[in-house]
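Summary of the model geometry
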Amino acid sequence: YRVLAKLVRGDEILAESSETILTLAPVEWTEESKTIEWVGSAPELPFSSATRTENQSRLMLVAQPASLSEAEWNVLLNEVEQGRVAIIGALHKRDERARLALANRGVKIELHHGIGSWMGCYHWIPRSDLFADLPANGLAGEPYIEVLPWYALSEQGGEILAGLISNTQTRLTAASILWFSDIEAVPFGQGTMIFCQYRIFDKLKTNPLAARLAFNLIQQAHIYSSDQ
């Protein structure tokens, strides 16, 4: 919605201002929440979370990658290798244990700044089921500010669901356009890991866009699960 306010005296407009307001339908988590197994520390959720013993879903969700121990990473990767699907939340350069655990299993994570520089940094939002009911088919604008990735990934050879366009950020190399992944589904053994660099899982109760994107991503993950 675009809200326009004017201060008028007679036929004269003394002041004018406008504001664009994004409205989203509330997410209904009742059934979807039963399909998720939260691995590691879970953020504050708008629904009750299932534990490993309560939930036999093939979908695992790692909202906070830094919270997993080396042993927990090995268990998760073993289960994905055997056919499960795991969503991995936003990785940070300080998450050394997570990156090392993945590297030890052949998944080398290279992180690149996703917050922009003087050269520019642009997150592409495709028109797809992943971004259903959200602003899409263009660059991520103001509604995405609170959830934009701090770091994007070098492509892992999987399916890119959302990406980042950037320029080279040094004068020591030839000018070029760079492409990184923000959300990527990567085959791993018989399963799939979906890396999501959008910072959505810690904002499920406070940011409607984060909740909707997380909901869409979980539904997308079920498609990979059913295909295996």
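Refer to the structure above for everything that follows.
Description of the structure in this document.

What counts and how
Residues numbered from 1 in each chain as written. Predicted model: local features only at pLDDT ≥ 70, side-chain atom pairs only at ≥ 80, totals over all residues. Heavy atoms only, no water. Helix = DSSP H or I, 4+ residues; strand = E, 2+ residues; numbered from the N terminus. Core = buried A, V, L, I, M, F, W, Y, C linked by side-chain atoms within 4.5 Å. Buried < 20%, exposed > 50% of the residue type's maximum accessible area, 1.4 Å probe, protein only. Contact = heavy atoms within 4.5 Å. Phe/Tyr/Trp six-rings, centres within 6.5 Å; stacked < 30°, edge-to-face > 60°. Arc of directions from axis to C-beta. 1 Å grid on protein atoms, 1.4 Å probe; cavity = no way out; pocket = protein on both sides within 12 Å on 5 of 7 lines; lining within 4 Å. Points joined across faces, edges and corners; volume = space filled by probe spheres on them. Nonpolar A, V, L, I, M, F, W, Y, C, P; charged D, E, K, R; others polar.

Focus: unusual backbone geometry
- Phi is positive for Asp 133, close to 70 degrees, though the residue is something other than glycine.
- With respect to the helices, strands and loops of the structure, Asp 133 is situated in the loop between β7 (121-125) and β8 (138-139).
- A positive phi angle, close to 65 degrees, is found at Asn 137, a residue other than glycine.
- With respect to the element layout, Asn 137 can be found in the loop between β7 and β8.

Remarks on the nonpolar core
- In terms of nonpolar packing, the biggest core is built from 38 residues, with Ile 183, Tyr 198 and Ile 200 touching the most fellow members.
- At the level of secondary structure, the elements contributing two or more residues to this core comprise β3 (36-38), β4 (59-62), β5 (85-88), β10 (159-167), β11 (177-188), β12 (191-196) and α3 (208-227).
- Looking at which element gives the most residues to this core, the answer is α3, with ten residues.
- Sequence-distant contacts of Ile 183, defined by excluding residues within four places in its chain, comprise Leu 130, Phe 131, Glu 159, Ile 160, Leu 161, Ala 162, Ile 194, Phe 195, Cys 196, Tyr 198 and Leu 217.
- Among the nonpolar cores identified, the runner-up in size contains 23 residues, and Val 39, Ala 101, Val 107 and Tyr 151 belong to it.

With respect to the packing of aromatic side chains
- Under the defined criterion, the tally for this structure stands at four aromatic pairs.
- Taking 5.4 Å as the distance between ring centres and 80 degrees as the angle between the ring planes, the aromatic pair formed by Trp 29 and Phe 215 counts as edge-to-face. Residue Trp 29 is found in the loop between β2 (12-20) and β3, and its partner Phe 215 is found in helix α3; the two are separated by 186 residues along the sequence. Like Phe 215, Trp 29 is buried.
- Seen in terms of ring centroids, Phe 131 and Tyr 144 are 6.5 Å apart; in terms of plane orientation they differ by 65 degrees. Their pairing is edge-to-face. Of this pair, Phe 131 sits in the loop between β7 and β8 while Tyr 144 is found in the loop between β8 and β9 (151-153), placing the two residues 13 residues apart along the sequence.
- By relative accessible area, which is 2% here, Phe 131 ends up buried.

Some words on helix α2 (residues 96-104)
- Considered for burial, the residues of α2 that qualify are Ala 98, Ala 101 and Leu 102. For α2, the buried positions fall inside an angular range of 95 degrees around the axis, keeping them on one side. α2 presents Glu 96, Leu 100 and Asn 104 as exposed residues on the side facing more than 90 degrees away from its buried surface.
- Summarising the contacts, the buried residues of α2 are in contact with α1 (70-81) and β12.

Details of the layout of surface pockets
- Approximately 310 Å³ is the volume attributed to the largest pocket.
- Taken together, 19 residues line the largest pocket, and the ones lying closest to its centre are Ala 90, Arg 94, Trp 150, Arg 199 and Asp 202.
- Empty space within the second largest pocket amounts to approximately 150 Å³.
- Every residue along the wall of the second largest pocket is listed here: Leu 22, Leu 24, Glu 142, Pro 143, Glu 146, Asn 207, Pro 208 and Leu 209.
- Per-class residue counts for the lining of the second largest pocket are five nonpolar, one polar and two charged.

Here we look at the environment of Phe 215
- Given the relative accessible area of 10%, Phe 215 is considered buried.
- As for Phe 215 and Leu 130, which are separated by 85 residues in sequence, their C-alpha atoms are 8.8 Å apart.
- When neighbours within four sequence positions are excluded, Phe 215 is seen to be in contact with Val 27, Glu 28, Trp 29 and Glu 32.

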